[in-house]
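Descriptive structure summary
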Amino acid sequence: MSDPDTSAASLSGPATGTCESCGGEDELYLVQRYYVTPEAWDQEAKATPADIERWCFVCRTHYPHQLLESDDPGDAEAGASDAPPA
Ligand SMILES: [Zn+2]
């Protein structure tokens, strides 16, 4: 029992917990949610930054967001950010 416990000290990788979007148990990533407003007759399409939350993989594939930590191995095509253009 002399080895230091480094597993809990790692802040760079995904942590397992409860997703703040769907409530599921999974590896979580820190993201900033975006609210997307579709284009309409009286307004342009826009993406508004919202809360910073921890999301699971499924939610990251379903909802617009920007990844705030780590890389994004589950969504490599989108690069570091899935946020739509402002
Ligand atoms: Zn989720």
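Reference entry: report on the structure contained in this document. (Residues numbered from 1 in each chain as written. Predicted model: local features only at pLDDT ≥ 70, side-chain atom pairs only at ≥ 80, totals over all residues.)

1. Topic: the overall build of the protein
Operational definition: By definition, any uninterrupted DSSP run of H or I lasting at least four residues is a helix, any uninterrupted run of E lasting at least two residues is a strand, and each is numbered from the N terminus. With C-beta atoms placed from the backbone, a residue is labelled by how many other C-beta atoms lie within 10 Å of its own: buried for 20 or more, exposed for 12 or fewer, partly exposed between the two. Whether two residues are in contact is decided by their C-beta atoms, placed from the backbone, lying within 7 Å.
The helix and strand tally for the protein stands at one helix and four strands. Reading the secondary structure of the protein in the N-to-C direction produces β-β-β-α-β. Residue burial in the protein is summarised as follows: out of 86 residues, 15% are buried. Nonlocal contacts in the protein, meaning residues at least 24 apart in sequence, comprise 54% of its contacts between residues at least 6 apart.

2. Remarks on the pairing of strand S1 (residues 15–18)
Counted only if it meets this: For two strands to count as paired, DSSP must find a minimum of two bridges between them.
Of the pairings in the sheet, the one linking S1 to strand S2 (residues 25–37) comprises four bridges and is antiparallel in character. Pairing of Thr 18 across the sheet is with Glu 25, part of S2.

3. Some details on the nonpolar core
Condition: Residues of type Ala, Val, Leu, Ile, Met, Phe, Trp, Tyr and Cys that are buried and joined through C-beta atoms within 7 Å form what is called a nonpolar core.
Cys 19, Leu 28, Tyr 29, Val 31, Trp 55, Cys 56, Cys 59 and Leu 67 together form the largest nonpolar core, which totals eight residues. Here this core gets three residues from one element, more than from any other, and that element is S2. Not counting the four nearest positions on each side in its chain, Cys 19 is found in contact with Gly 24, Asp 26, Leu 28, Arg 54, Trp 55, Cys 56 and Cys 59.

4. A short note on the pairing of S2
In sequence, S1 turns back onto S2 through a hairpin of six residues, with Gly 23 there showing a positive phi of about 85°. With eight bridges joining them, S2 and strand S3 (residues 46–55) adopt antiparallel strand pairing. Across the sheet, residue Tyr 35 finds its bridge partner in S3, namely Thr 48. Two strands pair when backbone bridges link them, and S2 and strand S4 (residues 65–67) are joined in this way by three bridges, in the antiparallel orientation. When the bridges of S4 are listed, Arg 33 appears paired with His 65.

5. Thoughts on the environment of Arg 54
Within the fold, Arg 54 resides in strand S3. Judged by the 20 C-beta atoms lying within 10 Å of it, Arg 54 is buried. Each C-alpha atom of the pair Arg 54 and Leu 68 lies 9.8 Å from the other, and the pair is 14 residues apart in sequence. Excluding residues that lie within four positions of it along the chain, Arg 54 makes contacts with Gly 17, Cys 19, Glu 20, Leu 28, Tyr 29 and Leu 30.

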